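# Geometric and topological summary
So you can see what is in the structure, the chains are spelled out below.
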Amino acid sequence: MVLRREPTARQMRLGVELRRLREAAGLTAIEAAALLGVNRVQITQIESGLSGVSEQRVRRLASHYACTDKEFVDSLVAVATDRTSGWWEEYRGLLPTSFLDLSELEHHARFQRHVAILYVPGLLQTEDYSRAVFTSRLPELTSEELELRIHHRRARQQFTTPYEAVIHEAALRIRVSDRAISRAQLTRLRELSEADHITVRVVPFDLDGFARASSTMTYLGGPLPKLDTVVRDALHGTAFIDSEAQLDTYRTSFRKVEEASLNPEQSREFIHRLAKEL
């Protein structure tokens, strides 16, 4: 089988879950290879996402690893047999791989949750707001790179899965560009918050109990909670977090942040007042 040069985050996640099952069963890669009649290198390639794996082998490995969670195994099989060539593939080689990985994870997510501290979430941004954000980054983007990122972001915004954003007042007040762009962004945010699949909550400066969210977080719901993913952005790049202990921590963190926010109707009124101030 031809090895993948650049496995996606989703393909690597499949490998990680198979490795976790193997380790939980107390087996080495050599022992797992013997169970399939292959060599250790092939097991390593599967677990690193460099090599695909068939449905039959996923089920055989799960059986050997004494995994009795049928729904979990079925979910792993779905990832292993997915041959989707999504819209994001047209950007391969043009944008950083993390952009494509995020798009793929969003496409397959059952729901999305977002905590925003400094900027309005990308999925809710106007084009002018996105342009201002991308223009401010360092090192500076070329005009071609800038347009690619804006076009890619617009494509990501065509989602229909349940989405909940908790946005701090700081993100609503920071002017990434001029007053007109900020006002248009607030107006658009209020309009989007009325969609059936979008919930927007605001955390005002004067609201108590908001010590738990110190940075932006994107939480993507998988077919099962153990297959959820948290995405964190940093100066060095994008991190995809999937360990069960960390996922549980982020679930708790989001719940606490949500509890410290205004309800959706109050949030819409708050956004409307801010827009009128501009």
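The paragraphs below set out a description of the structure included in this document. (Residues numbered from 1 in each chain as written. Predicted model: local features only at pLDDT ≥ 70, side-chain atom pairs only at ≥ 80, totals over all residues. Heavy atoms only, no water.)

Quick look at the sheet that holds strand 6 (residues 237-241) now. Consider a sheet: its strands pair through backbone hydrogen bonds, and that pairing is either parallel or antiparallel. Strand order in the open sheet formed by 6 strands is 3-2-1-4-5-6, and the pairing between neighbours is mixed. Sheet topology places strand 3 (198-203) and strand 6 at the edges, where each strand pairs with a single neighbour. Each adjacent strand pair in this sheet contributes to an overall mean axis angle of 15 degrees, direction not counted. By the bridge criterion, 5 bridges tie strand 1 (residues 111-116) to strand 4 (residues 217-221) in an arrangement that is antiparallel. Bridged to His-114 within strand 4 is Thr-218. (Pairing = 2+ DSSP bridges. Helix = DSSP H or I, 4+ residues; strand = E, 2+ residues; numbered from the N terminus. Axes fitted to C-alpha atoms, helices over the stretch in contact; angles between N-to-C directions.)

Under the counting rule described, the total for this entry stands at 26 salt bridges. In this structure, Arg-251 and Asp-228 form a salt bridge, with 3.6 Å as the shortest nitrogen-oxygen distance. With Arg-251 in helix 11 (residues 244-259) and Asp-228 in the loop between strand 4 and strand 5 (229-234), the pair connects residues that are 23 residues apart, well separated along the chain. The class of Arg-251 is partly exposed, set by a relative accessible area of 22%. A residue is classified by how much of its surface remains accessible, and Asp-228, at 3% relative accessible area, is buried. Members of the salt-bridge network, linked through shared partners, are Arg-13, Glu-17, Arg-20 and Asp-242. (Salt bridge = Lys/Arg side-chain N within 4 Å of Asp/Glu carboxyl O. Buried < 20%, exposed > 50% of the residue type's maximum accessible area, 1.4 Å probe, protein only.)

Across the interface, helix 1 (residues 9-24) lies against helix 5 (residues 70-81) with an axial gap of 10 Å and an inter-helix angle of 145 degrees. Pair helix 1 / helix 5 crosses with left-handed handedness. Between helix 1, through Arg-10, Leu-14, Glu-17, Leu-18 and Leu-21, and helix 5, the contact on the second element is made entirely by Phe-72, Leu-76, Val-79 and Ala-80. Class assignment of the residues belonging to the contact of helix 1 with helix 5 gives a composition of 7 nonpolar, no polar and 2 charged. (Left-handed = near helix turned anticlockwise from the far one by under 90°. Contact = heavy atoms within 4.5 Å. Nonpolar A, V, L, I, M, F, W, Y, C, P; charged D, E, K, R; others polar.)

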